[in-house]
Number of protein chains: 2
Amino acid sequence: MPVMTHSSAVRAHYRISAADAVEARDLADAMAREQTLEVPPGAAPPAIEDRFLGRVVQVEPYARSGGGPDRWSVSVDYSTELLDGTATQFLNLVWGNVSLMDHVLLVDLDIPDTVLDTFPGPGPGQEGIRALVSAPAHRPLVSSALKPVGLTTDAIVSIARKLTAAGMDLIKDDHSLANQATAPFRERIEAVSHAIRETNAAAGTSTAYLPNATAPLHEMLERVAFAQSCGCGGVVISPGLTGLDAMRAVRERFPDMGIMAHPSHANTSPNATHGIAPPLLMGTLWRLFGADMLIYVNARGRFAWPLEACKAINERARAPLGRHRTAFPVPAGGVQAADAAHWVDVYGPDTLLLVGGSILEASDVEARARAVVQAVAGVAAPSTGA
Amino acid sequence: MPVMTHSSAVRAHYRISAADAVEARDLADAMAREQTLEVPPGAAPPAIEDRFLGRVVQVEPYARSGGGPDRWSVSVDYSTELLDGTATQFLNLVWGNVSLMDHVLLVDLDIPDTVLDTFPGPGPGQEGIRALVSAPAHRPLVSSALKPVGLTTDAIVSIARKLTAAGMDLIKDDHSLANQATAPFRERIEAVSHAIRETNAAAGTSTAYLPNATAPLHEMLERVAFAQSCGCGGVVISPGLTGLDAMRAVRERFPDMGIMAHPSHANTSPNATHGIAPPLLMGTLWRLFGADMLIYVNARGRFAWPLEACKAINERARAPLGRHRTAFPVPAGGVQAADAAHWVDVYGPDTLLLVGGSILEASDVEARARAVVQAVAGVAAPSTGA
């Protein structure tokens, strides 16, 4: 299918449903028009159509379906002239009105370096996060969570002390710890960061604390500044809740703070036929918009996510992405303490494992946390890479 | 199913897929836990479980499926103690990690007035938008769009003059007109608002211009201020692109500016079994977070949205919502000029019809726009209400 190419383009790869090749091609053409000119053929001057209309560069069968319409792979080139340097217009161009169509999935993007350069990428990145917790290269990292929401600040501090004494690399706030009366943000961050610093000094550990900063943007920027003033090296942000661009704004303002992206409200699943596929959303876009650590829901956890999707996210977190640093994939969401060694063995050393509930349900939280830390440390050989 | 109720709760209504009643109940319990405590049963103190765990208050069959698992209606109560006054935590509570599960749909919310009061709702609302364009009650409004992206500012101005002379109530920027070099934001807004003001004076019309302000939040606030300084009574914002909370932030800062919410990147469809259903997202949440005008994709347009979904959005835009004003539903996305009278007849007078491409493809844009304006004005009798 020979087509004129734009001088510079973002190529978007979609999957769609269509009964046959003609229907697939028609739908692809409609998508390319919808995402760009959004007027009927003939309504715009020919010079505008030539220069700005999205160009369908591929329509190929992807998978036969049993009974329903087949799935097709569709690729569309969008002229970079339609971008304006913002993340909002970038997202609009590749996943705008087509997000209202049924069974359309955005699976990948080929983004020119000139466009990658307009976004911040990770701050500290993998190397910086290792430095933050004094971990050598080739050792997987391990983290746990402060929860549940509803606990008082004192109760949270008590858990934080145990997890720190056990040698966790990172301790994050649960994503539902916001600014509730039971443990208000500033009170909690001040008390927990103090307790972790104290415990680090006593136990010889290097645990870092990541408070949940997710909030309306103006408040979030204040919360990140406050976390930084308390000595925290990073924060948790749920970009689904704040908007992807709000995470980017935090990154631009705080280039040295680690950002752990949490998937709440991310509206994605590897099994879905609609939306943005998890590897692209979590592995590429979150990283491009500033995240250093990418939480996804692990296989065999509380969600039905297949292992291949998890591996695909890992791969993107670590793959070249223009000038940008690599990020840590963070498998989470029901990781069992007893399986910690297994997962870092499967996923390789450049992994940050997150084990929450399975530690917190133990009668001796510190002992179980220590067992997890030791199990992960025992799988440090670089030859076990994913 | 008798359950203890929270003293104050947000009730969320979901649809889920499950093979039988036992599986449905188990999934509902898992969702209620996931959205609140997110630790295994027994890990939290009993007092915390009693006070903060989400409570499943209903699990009922919704629809039989041919072959696959059936659909079930599930309702869960979330204690308002888990809120903190922010939209981000509100969204996290009702649609957080469950957004990562397959075939889970959030269809409705019962929100106590105390919670509704923490969000701004529309600014001018329906009445204010009518006043902006000097339209009496009981007359449907009609709008058109400046597009396609790629046109120069001069070419856009020329279209704006024709649409104004024809008597359009509102003219909006296409949602893809951002800050591209072909028609930079400030240049475009200054030139178009000037041209519309001039044409209004010459033609005796009352057309209002809504520039597209969608951008990163800090930039967006500046763009709205600039639009206001150019005499624009409102703006277009795509909350899917900016994050819902960014639209709320604009509303709080600019209580008098009209906000037309656009569905780009909204990731929703009436046919989907996953996500937030369009009537709740567009009819209730957009309105609650500040929109006065709610663009959705109309039946028989470029998207396969059924008429019932459109009517459900209309109903929510106009229904009581705590202390908040009503909003205009804005059917769009392939509305044919020839069908304009039909749609306002079907949807009733409190409708703002948006006809774009079908006007712009005419050889005489002004004449076709005038025909649409006159057709809509001819269906002004209040007895034709939806």
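Anything mentioned here points back to the structure above.
Report on the accompanying structure. None of these values were measured; they are calculated from a predicted model. (Residues numbered from 1 in each chain as written. Chains lettered and ligands numbered in written order. Predicted model: local features only at pLDDT ≥ 70, side-chain atom pairs only at ≥ 80, totals over all residues. Heavy atoms only, no water.)

**Quick notes on the nonpolar core**
Across soluble globular proteins, nonpolar side chains have a tendency to be buried as a group.
Here's step 1: Core analysis: the biggest nonpolar cluster contains 236 residues, and Y14 and F90 of chain A together with Y14 and F90 of chain B have the highest contact counts within it.
Here's step 2: Filtering out sequence-adjacent residues up to four positions away, F90 of chain B remains in contact with V10, L83, L109, I111, V115, F119, L285 and F289 of chain B. (Core = buried A, V, L, I, M, F, W, Y, C linked by side-chain atoms within 4.5 Å. Buried < 20%, exposed > 50% of the residue type's maximum accessible area, 1.4 Å probe, protein only. Contact = heavy atoms within 4.5 Å.)

**Brief notes about the sheet that holds strand 13 (residues 352-354) of chain B**
Residue and element names in this part refer to chain B.
Here's step 1: Strands sit in the order 7-6-5-13 across an open sheet of four strands; the sheet is parallel. The open sheet has two edge strands with one neighbour each: strand 7 (208-210) and strand 13. Between one strand and the next, the sheet's axes are offset by a mean angle of 25°, whatever the strand orientation.
Here's step 2: When strand 5 (residues 141-146) meets strand 6 (residues 170-173), the two strands line up parallel, connected through four bridges. If you follow A145 over to strand 6, its bridge partner there is K172.
Here's step 3: Strands strand 5, strand 6 and strand 7 of the sheet are contacted by helix 7 (residues 185-203), whose axis makes an angle of about 165° with strand 7. (Pairing = 2+ DSSP bridges. Helix = DSSP H or I, 4+ residues; strand = E, 2+ residues; numbered from the N terminus. Axes fitted to C-alpha atoms, helices over the stretch in contact; angles between N-to-C directions.)

**Looking at helix 7 of chain B**
Residues and elements named next belong to chain B.
Here's step 1: Look at helix 7: 26 Å from first C-alpha to last across 19 residues, which is about the 27 Å you get at 1.5 Å a residue.
Here's step 2: Inspection of helix 7 places F185, R188, I189, V192, S193, A195, I196, T199 and N200 among the buried residues, and these make up the whole buried set. One side of helix 7 carries all its buried residues, which in axial view fall inside an arc of 165°. Facing away from the buried side of helix 7 by over 90 degrees, the exposed positions are A201 and A202.
Here's step 3: Here the buried face of helix 7 lies against strand 5, helix 6 (153-165), strand 6, strand 7 and helix 8 (217-229).
Here's step 4: At the C-terminal side of helix 7, G204 shows a positive phi close to 75°. (Expected span 1.5 Å × (residues − 1). Arc of directions from axis to C-beta.)

**Regarding the relation of the copies chain B and chain A**
Here's step 1: Under the fitted operation, chain B is carried onto chain A by 0.0 Å of movement along the axis and a turn of 180°, and the coordinates agree to an RMSD of 0.0 Å. Here the transformation between the copies is reduced to the relation of a two-fold axis. Nearest to the rotation axis, the C-alpha of G243 of chain B is located 1.9 Å from it, this being the minimum over chain B.
Here's step 2: Same-surface contact between copies: 100% of interface residues of chain B are shared with the interface of chain A. (Least-squares fit on C-alpha atoms with pLDDT ≥ 70 in both.)

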